[in-house]
Each structure stands twice: as structure tokens, then as C-alpha cells.
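One letter stands for each residue in the lines below.
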Amino acid sequence: MKTQLHQTFNHALSALQDQGIVPADLSPNFKIEHSRDKKFGDFACNLAMTIAKPAKRNPRELAQLIIDNLPADNSIDKLEIAGPGFINIFVKAESQSQIIDDIFAKGKDFGQQPDNGKKLQLEFVSANPTGPLHVGHGRGAAYGAALASLLKAAGWQVTREYYVNDAGRQMDILAASVWLRYLSLCGEPDDTFPSNGYKGDYVWDIAATLHRTEGDKYRHPIADVYSDMPADEPEGGDKELHIDALVNKAKTLLGEVDYKAVFDTGLDTIRDNIRDDLKAFGVEFDNWFSERSLAPQIEHSLKALAEGGHSYEKDGAIWFRSSDYGDEKDRVLVRDNGQGTYFASDIAYHHNKLERGYDKLINIWGADHHGYVPRVNAALQALGADNEKLSVLLVQFAILYRGTEKVQMSTRSGQFVTLKELREEVGSDAARFFYVMRKSEQHMDFDLELAKSQSNDNPVYYIQYAHARIASVMRQLEEKGLEWQRDAADLSLLNSEHEQSLLNHLGRYNETIQKAAAQYEPHQIAYYLKDLATGLHSYYNAHAWLVDEVELRNARLSLILACQQVFQNGLSLLGVSAPEKM
RNA sequence: GCGCCCGUAGCUCAGCUGGAUAGAGUGUUGGCCUCCGAAGCCAAAGGUCGUGAGUUCGAAUCUCGCCGGGCGCGCCA
């Protein structure tokens, strides 16, 4: 409808150019917009205002000339000039109601845009497997999953990927933490635990599993573990040195094979837990990519950088010239002790993504990583990608409150609200919707008391209720021994304000998908659905649907069934269910 | 100090590639169930869009300064 009107107005523009009223070389970027208020018609065109200056005429005068030169368009009912020079377009009721059959024809695929032939990879969550997901990860999960669905609907071929940080120091610290708990379960004295170790209960759980299945196989006297150990922080030492020494001691005492067994027990348990947790949250991935599997790729990527002249040696370390590509300074790839940095792994990972042939890469990261974005972009450019290839979308933290009290969160201290807890207390639907209602880069206050105790106030129920209400009316219809027939409907009877406004809203669904996808903003879908629900509820209260007149009843039912389909399609993008009853 | 994000109604937030009288939810106040689900509807009240300049026909929206809040500035991950 919008594009059709745009063409019509373009014709008028060329006519004015032929008459020499408007400069011929002008190609103004004018818009046809949905009017914000019904009294401004269905659409508004700002063409007259955009050409006012080059044509040296006043916009209202030009608007009249445009209208005079508009070719016949039988979907247009009436045109008005308003305000500074808007042309308000009133569309005929019949052409508005076409959308209903459009929705019926496409069903679940209504809203699906044509395949754009491009492959996109979306990496999100990617939390370290050192503990269960907490509510902070939930936002990235909900946002990422919704964005993936949205981009798919916009015509992309989407791959969802989770990058598993299963290498590196934090994992070693987890392994050491598990082992120490395990030693306690074996009966070793446990009056001490490293201040920088992982203290959550889940570590005990993993240790218990290990002890149950393997008995005392990995037991060593605790005195041996703590001999020759640099002091921990509470004793006036350095907690980092202390924990690293403990990790090394674990490796020495256990030996390579046993250490790996303990390590893998921790990793596998937590990774599986994360996967199940996300699945229960309605978030699934196409690919789980292991950092450890990157080893050969790292060499390959470092070589590629070296051959391109993008790295150099200094102070015994190997550096990447990220400053050539807009980063503040160069970054270390390989430490003077010969170990690669996390950054080197990340370069290899992104290099690997490039080599997999995606047209577009999107990463969703916590906002605390924003300082890291320039160097990753620099690496991709050094490896030959253009700087539009990767978009890093930053998700701000949800600041947790219990009432007015801020909740401090730390994985290591084990003090956090898990995603699982949230899911079980407020429900997946409410949690998914709550997260995705906010723009991702907006700081968000997440009051647990509110989310838990007043979950009925969550707008998700408002939308679900609209959907269920339609289902309920259809049940009523059946109980009356009647059935809905599209052929018996006279859609031209849908001429009340409520009906016109609903039809108009349905007509915006496709462009809402396109706009939300282009801006990576699934919250636009949430707002769209909320508005549609408002329209539906108002309509319900203003008009009875199950009326006696056959043509009118079937027309109204056609309209609400079309709405129901859009509720289903939209909610499914957000990962929220559309219940028949509540 | 430098960089990024944010500041809109009592509270939580939309609106931001410039457009008409700045919106919603919640909270407050008052109405609506002999009628398809009241988890709903209708109405009222509530705003110097942090602040000061600039750009122009027009600024919540763009530019700069300032104020306030969050985050980041490692051979950590």
C-alpha cells in the first residue's frame, strides 16, 4: 500500500518537473508515513515540504499542485492539505480490508519477507562455562533469540552460535575449585578455600558427582596441595598468585590425564546445564563452537596477520598493529611467555567465521566489552573483511533490585539470581517478553519483587489475553452451533472506527518486521503487538462480534481471526507462547 | 583524563535516518459485567523531553559545551 502510494506521488512529481515547476534534476527523498492520528487520514506525504526550497514556492501551494497532478488511484478516497504542507491521504475502506485475505493466504508465513539470499551468523550468550547462567545472561539470550527469529523473518538465512570458552585460566580455576570441594568430600579437612575460587553450590554438586562415580580416585592429602603455596589475600598475599599456584599444584599432583578428567567433568556438567537451561527458556543454537577446537586455527590466523605485515615482535611478545585500523593502541597476540592471549583466540574465531563464508556477522556482547570492539574490528579488517561485515550489538546490564535494594552479583562468590530461578518464578513467557520489551542498549532496572509478585501486570499477559479472547469467542461460536465462513463475510461492513484502525494496524505488520530487523530492534515487535492488543480489546468492548447478521458476523470474525494469526506470528518471533486459554 | 551508552509523566519505558497538539504501561481519581472471558474497556489528572547555545521553514530527534548516572580504558577472559 505504502509503496503503491509512493509510486503515485512520484508520478505527480515527474509531472511537475515536466512543467518546469520543480527543478528536473531533483530527486527528493520524500516519505509516505502512516498518520499518527486518524484525523490526519491513513497516510501522510511530506513531498511538498521537501521540494519547497528548491522550487522556491510555499509548501501548501505545492501540495495543491501535487494533488492536481496526481494520476488516478482507485484506492484513494480523499486527499487533504494540512499543517505546514502535509498531504493527508484517506484510503478507501475496501482497499484496507484486503489485508485480511492476505493474512489468511499466508498464515504462519504472513510477515515472512522474501529470501534475500544472504547468510548471517549471530553469536550470542557465549557465557563462560564456569557456572550457571544468571539473570544478566538472560537478557542477551532473550534478545539474541528474538533477533535471530526477526532476521529470519526479514529474509536472512540465520545461523545461531554459542562460543564456548572452554580454554583458558578461568576454566582451570573452576577445575581447581571442583577438585578442592571433591577433596573435602573425600574427607580431607576443608578449613580453607581460595578467595578467588568458585564458591557456588553447583561446584559442590559437580564434586559430589565426581566423588560418587570415581570414589577416592583423585584424592591427595590436603597438606600436599597447600605445601609451598603463596599466601592467599586474607593472609596478606595475592589472590591471583595463590589461585594460579593452586591450579599448577592440581596439574602436578593429578597428572595430565586425571587433571583433564576433573576439568572435563566440570566443563561438561556446566555446559550441559547451560544448554538445558537455555532450551527451557526457548533459546536454541544451531552450533556450539568450542574455543579448544581453535588451536590449529590460531596458528593459521597469526600467520595470516604476520604475512600481511600486521604483526611485529617487541619486548619478547608478538603484537598486532590494531592501531592501523582505528584502535587506540596495538595489542598483544602472544605473551612473552609464549602463551597466546584471549584476543588471539578471538581473532582466530572470527577469522574462522569469515572463512565459513557468511555475508554478515553479528555478535551480541555485554556492554562491559565495548572497549574490545575496535580491536576485533581491526583484526577483521586486517584479515580482509570490510568494516561493515561485523556488527557488535551491546546489551546493557539489567540492574537487579529486590524492591529498592540493589542485588550485587558475582559468579565467583556464588551470589546471583540464576536464570533458572527467574524462569521458574515468573515463567518463561513473562521473562522473555520483559527482557525484549526494552531496547537492548537501554539500561534496565529489573525489579525481582515486581517481576515475581506482580507478574500479572506484565504486558505479555495483555497480549496473550487478546489472543485467548479470540479463541474463546470462536469456542462460543461453536457452542451456538455456528461456524465461521470467509465466503459469507462482507468485508465492506468493517467500516467502524475500531475496525478501520485494526485493519490499518494489520497493514503495518510487514513494514514493522522490516524496520525492526534493519535496526536490530525486536522491541519494536513487542510494542506493535501491544498496540494491536489494545485495538482488539477496545473493539471487543465496543462491538459484539457474534451478531445475528451473517455477513457482518463473518466479516468481524474474519477480522479478529486475522488479528489472531498476527498475534501468533509476532509472539513466536519473541519466543512467547500464544495460549488458547489462560 | 580519554572513549562508549544513557538522561522524556511520581515509577518503568517508547518515540531519535528532523515534521503536525510528545505517547504507552503502572500508580492516583471517577465510571463500565442481567451482554461473546473485568488478566478487559472508557474518562480525568500528570511533562521547562537533564541544561545552555547552535544548525533551519520546523529540534525530544542533528552539532558543540556543561551537569548527572552506568560502563570501559591489562602481555585478564
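Above this text you will find the structure in question.
Cut-offs and rules
- Residues numbered from 1 in each chain as written.
- Chains lettered and ligands numbered in written order.
- Predicted model: local features only at pLDDT ≥ 70, side-chain atom pairs only at ≥ 80, totals over all residues.
- Heavy atoms only, no water.
- Pairing = 2+ DSSP bridges.
- Helix = DSSP H or I, 4+ residues; strand = E, 2+ residues; numbered from the N terminus.
- Axes fitted to C-alpha atoms, helices over the stretch in contact; angles between N-to-C directions.
- Contact = heavy atoms within 4.5 Å.
- Buried < 20%, exposed > 50% of the residue type's maximum accessible area, 1.4 Å probe, protein only.
- Near = heavy atom within 4 Å.
- Polar contact = N/O pair within 3.5 Å; in protein donor to acceptor, adjacent residues only side chain to side chain.
- Phe/Tyr/Trp six-rings, centres within 6.5 Å; stacked < 30°, edge-to-face > 60°.
- Lys NZ or Arg CZ within 6 Å of the ring centre and 35° of its normal.
- Core = buried A, V, L, I, M, F, W, Y, C linked by side-chain atoms within 4.5 Å.
- Domains from an automatic or database assignment.
- Salt bridge = Lys/Arg side-chain N within 4 Å of Asp/Glu carboxyl O.
- Expected span 1.5 Å × (residues − 1).
- Bend = angle between axes of the 7 residues up to and from the residue.

The four strands are arranged 1-2-4-3 in an open sheet whose pairing can be described as antiparallel. Single-partner strands in this sheet number two, and they are strand 1 (32–34) and strand 3 (76–82). Put simply, the sheet's adjacent strands are angled 25 degrees from each other on average, direction ignored. Here strand 2 (residues 43–45) pairs with strand 4 (residues 86–91) via three bridges, running antiparallel. Of the residues in strand 4, the one forming a bridge with Ala44 is Asn88. Strands in contact with helix 3 (residues 59–68) are strand 3 and strand 4; relative to strand 3, the strand with the most contacts, it is inclined by about 165 degrees.

Before going further, it helps to examine unusual backbone geometry. One non-glycine residue with positive phi stands out, namely Asp228, at about 60 degrees. A positive phi angle, close to 55 degrees, is found at Tyr520, a residue other than glycine. With respect to the helices and strands, Tyr520 occurs in the loop between helix 18 (509–518) and helix 19 (523–542). Of the residues examined, Tyr520 reaches a relative accessible area of 17% and is grouped as buried.

Take the sheet that holds strand 8 (residues 311–314) next. Strand pairing in a sheet is mediated by backbone hydrogen bonds. Such pairs are either parallel or antiparallel. A sheet is described by the order of its strands in space; here three strands give the open sequence 8-9-10, paired in antiparallel fashion. Each end of this open sheet is capped by a strand with a single partner; those strands are strand 8 and strand 10 (331–334). Averaged over all neighbouring strand pairs, the angle between strand axes comes to 45 degrees, with direction disregarded. Sheet topology places strand 8 next to strand 9 (residues 317–320); four bridges connect them, and they run antiparallel. Considered in strand 9, the bridge of Lys314 is made with Ala317. Sheet strands in contact with helix 10 (residues 295–307) are strand 8, strand 9 and strand 10, and its direction is about 125 degrees off that of strand 10.

What follows is about the side chain of His242. In this fold, His242 is placed in helix 9 (residues 239–280). Residues within four places of His242 in sequence aside, it is in contact with Pro194, Tyr226, Met229, Pro230, Ala231 and Asp232.

This part takes up the protein's contact with RNA strand B. Inspection of the region around RNA strand B gives 56 residues, with Lys39, Phe86, Arg438, Tyr465 and Arg469 positioned closest. Of what RNA strand B places within 4 Å of the protein, 63% of the atoms are sugar or phosphate. Take Ser538: an N or O atom from its side chain is 2.8 Å from a phosphate oxygen of RNA strand B. Looking at the surface near RNA strand B, the elements that each hand over two or more residues are helix 2 (47–55), strand 4, strand 9, strand 15 (444–447), helix 16 (459–479) and helix 19.

A word on the packing of aromatic side chains. Following the criterion strictly, the structure yields 19 aromatic pairs and no others. With a centroid separation of 5.4 Å and 85 degrees between ring planes, the pair formed by Tyr162 and Phe285 is classed as edge-to-face. Within this pair, whereas Tyr162 is found in strand 6 (residues 157–164), its partner Phe285 is found in the loop between helix 9 and strand 7 (287–290), the two being separated by 123 residues in sequence. Taken as a pair, Tyr162 and Phe285 share a single burial class, namely buried. A centroid spacing of 5.5 Å and a plane angle of 50 degrees characterise the contact between Tyr539 and Trp545, whose relative ring orientation is tilted. For Tyr539, a relative accessible area of 0% gives the class buried. By relative accessible area, which is 3% here, Trp545 ends up buried. An aromatic cluster is defined as three or more aromatic residues linked by ring pairs; in this entry it consists of Phe320, Tyr342, Phe343, Trp365 and Tyr372. Over the face of the ring belonging to Trp288 we find Arg275, whose NZ or CZ atom lies 4.7 Å from the ring centre.

Moving on, we come to the nonpolar core. By size, the foremost hydrophobic cluster in this structure holds 123 residues, and its most contacted members are Leu506 and Phe567. In terms of residue count, the dominant contributor to this core is helix 9 (13 residues). Shared between two domains, this core takes at least three residues from each, and those domains are domain 2 (169–280) and domain 3 (458–574). Aside from chain neighbours lying at most four places away, what touches Leu506 is Ile99, Ile103, Phe110, Tyr528, Leu532, Leu559, Ala562, Cys563 and Val566. Listed in part, the 26 residues of the second largest apolar core include Ile32, Phe43, Ile51 and Val91.

Counted under the stated rule, the structure contains 21 salt bridges. In this structure, the salt-bridge partner of Lys353 is Glu123, at a minimum N-O distance of 2.9 Å. One end of the pair, Lys353, is in helix 11 (residues 342–355); the other, Glu123, is in strand 5 (residues 119–123), and 230 residues separate them in sequence. Its relative accessible area of 4% is what places Glu123 among the buried residues. The shortest N-O distance in the salt bridge between Lys260 and Asp264 comes to 2.7 Å. Taken as a pair, Lys260 and Asp264 lie in helix 9 at a separation of four residues, close to a single helical turn. The buried category is assigned to Asp264, whose relative accessible area is 15%. Salt bridges here are not isolated pairs; linked through shared partners, they connect Asp166, Lys260, Asp264 and Arg292.

Another aspect to go through is the environment of His310. Note on placement: His310 falls in the loop between helix 10 and strand 8. For the pair His310 and Ser322, spaced twelve residues apart in the sequence, the C-alpha separation amounts to 7.9 Å. If we ignore the near neighbours within four places in the chain, the residues touching His310 are Leu305, Trp319, Phe320, Arg321, Tyr325 and Ala382. In terms of polar contacts, His310 uses its side chain to reach the backbone carbonyl oxygen of Ala382, at 3.4 Å.

For helix 9, spanning 42 residues, the distance from its first C-alpha to its last is only 37 Å, which falls clearly below the expected 62 Å at 1.5 Å a residue. At Gly255, helix 9 is bent by approximately 115 degrees, the largest bend along its length. A distance of 2.7 Å separates the backbone nitrogen of Glu240 from a side-chain oxygen at the start of helix 9, and that oxygen is part of Asp238. Once helix 9 ends, the next one or two residues include Gly282, with phi positive near 80 degrees.

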